[in-house]
Structure formats: C-alpha cells, structure tokens
Amino acid sequence: MKKVITYGTFDLIHWGHINLLRRAKDMGDYLIVGISTDEFNAIKDKKAYYNFENRKIILEAIRYVDEVIPEIGWNQKIDDIIKNEIDIFVMGDDWKGKFDFLKDYCDVVYLPRTNDISTSKIKDDLYRVQND
Ligand code: C2G
C-alpha cells in the first residue's frame, strides 16, 4: 500500500485544496493530511476563520482523505513520515524546495497550485463586497 502525506491549514476549503488532495491521493492508496492546529497557525502568522475542530470535520468528509492528524509544528514531518511509513510527501509548489530535506525519508513532490483561488482571496473579495 502506497501512503501519501500532505500538510496545511485548509481554511474555507475551496477547489484549490480539493485539486491538491485529489492529485495527492491519486499518487497512492492512502492519504494522510496533517492539518495545522490553531496554535501552529499562530506560529505561521495565519488566522483561520474555521477553528481546528471544524476544519478537521470538513477534511475528514473529503473522499480523497483517509486520515487526518494534527500539525502542531514545523518539526514533526520526519517523525510522521517514519511512524506512518509514508512513501510520498506532497505539497503545492508555493513550497517548492522548502521540504527537500525530507528526500532522505520519502519521495517529495511539489504540485502546481490552482490559479485564481485562495483563502485570502475569498476573505478579500468578501470584505470588498461588504464595503463597496
Ligand atoms: N493550494 C493549492 N492551490 C491553491 C491553494 C492552496 O494547491 N489555490 C495547496 C497549497 O499549496 C498547500 C495546500 O493546498 O499544499 C494547503 O494550503 P494551505 O491551507 O494554504 O496550507 P499552508 O498554510 O501553506 O500550510 O507544513 C506545511 C504548512 O502547514 C502548509
């Protein structure tokens, strides 16, 4: 069984996230998603609209996702990969190169991001609509 892992905040879930999760799952048989806790988001200087519990509920309902684990910090990936016997680590290419150190433990794949959608774009557009 080929196991894949990816990480993220996945706030205000949108088709860009779904495209990433579908392509990641298509690379193997089992996809684990490390979802950032609210505390880790604070470290990433990100404020998610949905809290951790609710972002986890949404991710677990996505057909491509087999398991969701908490991402509490930058330093858990090697342990996660070893403990879960991961074959492939996948991230969008806005992270290109940033996780190459994981190549000692599994394949590392950066996938093209989906254009014209992002959680911050959603927030900005909604703010503009409210204030035009
Ligand atoms: N993504 C994408 N296309 C978009 C938006 C996001 O492919 N239009 C991808 C990102 O590249 C990432 C995943 O979807 O691989 C989740 O995106 P975020 O929730 O923004 O994740 P991020 O905050 O970058 O957290 O340790 C890694 C970090 O937790 C990644």
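So, how was this worked out
Residues numbered from 1 in each chain as written. Predicted model: local features only at pLDDT ≥ 70, side-chain atom pairs only at ≥ 80, totals over all residues. Heavy atoms only, no water. Core = buried A, V, L, I, M, F, W, Y, C linked by side-chain atoms within 4.5 Å. Buried < 20%, exposed > 50% of the residue type's maximum accessible area, 1.4 Å probe, protein only. Contact = heavy atoms within 4.5 Å. Helix = DSSP H or I, 4+ residues; strand = E, 2+ residues; numbered from the N terminus. Near = heavy atom within 4 Å. Polar contact = N/O pair within 3.5 Å; in protein donor to acceptor, adjacent residues only side chain to side chain. Areas by Shrake-Rupley, 256 points an atom, 1.4 Å probe, with all protein chains shown as cover. Nonpolar A, V, L, I, M, F, W, Y, C, P; charged D, E, K, R; others polar.

## Describing the nonpolar core
In this structure, Val4, Leu21, Leu31, Val33, Leu59, Val65 and Val90 are the most contacted members of the largest nonpolar core, which totals 16 residues. Apart from the residues lying within four places of it in its own chain, the contact partners of Leu31 are Val4, Ile5, Thr6, Leu21, Ala24, Lys25, Tyr64, Val65, Asp66 and Glu67. Grouped together as the second largest cluster of nonpolar side chains are 13 residues, Ile32, Phe99, Leu102 and Cys106 included.

## Here we look at the environment of Tyr105
For Tyr105, the location among the structural elements is in the loop between strand S4 (88–92) and strand S5 (107–111). A relative accessible area of 38% places Tyr105 in the partly exposed class. Separated by 27 residues in sequence, Tyr105 and Ile78 place their C-alpha atoms 7.3 Å apart. With sequence-adjacent residues up to four places away left out, Tyr105 is seen in contact with Ile78, Ile81, Ile82 and Ile86.

## Concerning the site of the ligand
In the region of the ligand, 21 residues are neighbours, and Phe10, Lys46, Glu71, Lys77 and Asp94 sit closest. Ser36 places a side-chain nitrogen or oxygen 3.4 Å from an oxygen atom of the ligand. At a separation of 2.9 Å, an oxygen atom of the ligand approaches a polar side-chain atom of Lys44. Relative to its free-state accessible area of 640 Å², the ligand is covered by the protein chains to the extent of 96%. Elements supplying a minimum of two residues to the shell around the ligand: strand S1 (3–8), helix H1 (15–26) and S4. Here the element with the most residues in the shell around the ligand is H1; it accounts for 3 residues. Looking at the shell around the ligand residue by residue, the class counts come to 7 nonpolar, 8 polar and 6 charged.

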